[in-house]
Amino acid sequence: QLCATCHGIDGKGITNKEDKMLAPPLYGSKRVASDDREVSIKILLHGLSGPVDGKAYPDVMPPMEANDDEWIASVLSYVRYAFGDDASTVRDDHVKAVREKTNGRKKYWTLSELEKLEKK
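Peer 1: So, the overall build of the protein chain: which residues are in play, and what are the values?
Peer 2: Of the regular secondary structure elements, the protein chain holds six helices and two strands. Along the chain direction, N to C, the helices and strands of the protein chain fall in the order α-α-α-β-α-α-β-α. The C-alpha atoms of the protein chain give 14 Å as radius of gyration, which agrees with the globular expectation for 120 residues (14 Å, within 12%). Evaluated residue by residue, the protein chain yields a buried proportion of 38% over its 120 residues. As displayed, the protein chain offers around 7,600 Å² of accessible surface, 52% of which is attributable to carbon and sulfur atoms.

In structure tokens, the structure reads:
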């Protein structure tokens, strides 16, 4: 329900009164379907701002780090299965490892920042 508010029930997005997408689609997203779970975990934990795949959106993806590791893992597993072409599940120990690695982060991720980290 929470994700559907901006990303739509079908994961293809929702438009506002000005016919602009509120958030990027989850359906078909390379970050959702990626074998690298870490990127999607980082986004859910700390949020995302700025353009996504060359498009600007009116708001940011809010951080969900207040939720426990099991909740984050469950949400991402659902999203990856439903919109990521049957991508692998995310376990709470995956989330715990990323949470520990990014502990203390106080700002949203940007896609360009995440892409630079992926290349390392």
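Peer 1: Outline the packing of aromatic side chains, listing residues and values.
Peer 2: Within this structure, the stated rule accounts for one aromatic pair. Here the aromatic rings of Tyr78 and Phe83 are separated by 6.2 Å at their centres, their planes lie at 85°, and the arrangement is edge-to-face. Since its relative accessible area comes to 51%, Tyr78 is described here as exposed. Looking at Phe83, the relative accessible area reads 10%, which means it is buried. Here Lys12 stacks its cationic end above the ring of Tyr27, 4.9 Å away from the centre of that ring. Over the ring of Trp109 we find Arg105, and its NZ or CZ is 3.5 Å from the ring centre.

Peer 1: How would you sum up a negative patch on the surface? Please name residues and give values.
Peer 2: Together, Asp35, Asp36, Glu115 and Glu118 make up a region of like negative charge exposed at the surface. Relative to the helices and strands, Glu115 resides in helix 6 (residues 111-119). The partly exposed category is assigned to Glu115, whose relative accessible area is 30%.

Peer 1: Give me the packing of helix 3 (residues 37-46) against helix 4 (residues 69-83): which residues, what numbers.
Peer 2: Relative to each other, helix 3 and helix 4 sit at 125°, their axes nearing to 11 Å. In terms of axis orientation, helix 3 runs oblique to helix 4. In this structure, helix 3 crosses over helix 4, and the sense of that crossing is right-handed. Two secondary-structure elements touch here, helix 3 through Arg37, Ser40, Ile41, Leu44 and Leu45 and helix 4 through Ile72, Val75, Leu76 and Arg80. Among the residues forming the contact of helix 3 with helix 4, the class breakdown is six nonpolar, one polar and two charged.

Peer 1: Which residues make up the environment of Lys101, and what values do they have?
Peer 2: With respect to the helices and strands, the residue Lys101 is situated in helix 5 (residues 92-101). Residue Lys101 is classed as exposed on the basis of its relative accessible area, which comes to 56%.

Peer 1: So what about the pattern of salt bridges? Which residues, and what values?
Peer 2: As enumerated under the stated definition, the model contains six salt bridges in all. The salt bridge involving Arg105 is made with Glu113; its shortest N-O contact spans 2.8 Å. Relative accessible area serves as the criterion here: at 22%, Glu113 is assigned to the partly exposed category. Here the salt bridges share partners, and the residues they tie into one network are Glu38, Lys42 and Lys101.

About the criteria used
- Residues numbered from 1 in each chain as written.
- Predicted model: local features only at pLDDT ≥ 70, side-chain atom pairs only at ≥ 80, totals over all residues.
- Heavy atoms only, no water.
- Helix = DSSP H or I, 4+ residues; strand = E, 2+ residues; numbered from the N terminus.
- Rg over C-alpha atoms; globule rule 2.2 N^0.38 Å.
- Buried < 20%, exposed > 50% of the residue type's maximum accessible area, 1.4 Å probe, protein only.
- Areas by Shrake-Rupley, 256 points an atom, 1.4 Å probe, with all protein chains shown as cover.
- Phe/Tyr/Trp six-rings, centres within 6.5 Å; stacked < 30°, edge-to-face > 60°.
- Lys NZ or Arg CZ within 6 Å of the ring centre and 35° of its normal.
- Patch = residues over 30% accessible without salt bridge, like charges linked within 9 Å, V, L, I, M, F, W, Y side chains within 5 Å.
- Salt bridge = Lys/Arg side-chain N within 4 Å of Asp/Glu carboxyl O.
- Lys, Arg positive; Asp, Glu negative; His and termini not counted.
- Charge placed at Lys NZ, Arg CZ, Asp CG, Glu CD.
- Axes fitted to C-alpha atoms, helices over the stretch in contact; angles between N-to-C directions.
- Parallel < 35°, antiparallel > 145°, perpendicular 65-115°, else oblique.
- Left-handed = near helix turned anticlockwise from the far one by under 90°.
- Contact = heavy atoms within 4.5 Å.
- Nonpolar A, V, L, I, M, F, W, Y, C, P; charged D, E, K, R; others polar.

Read these as spatial facts, not as claims about activity.
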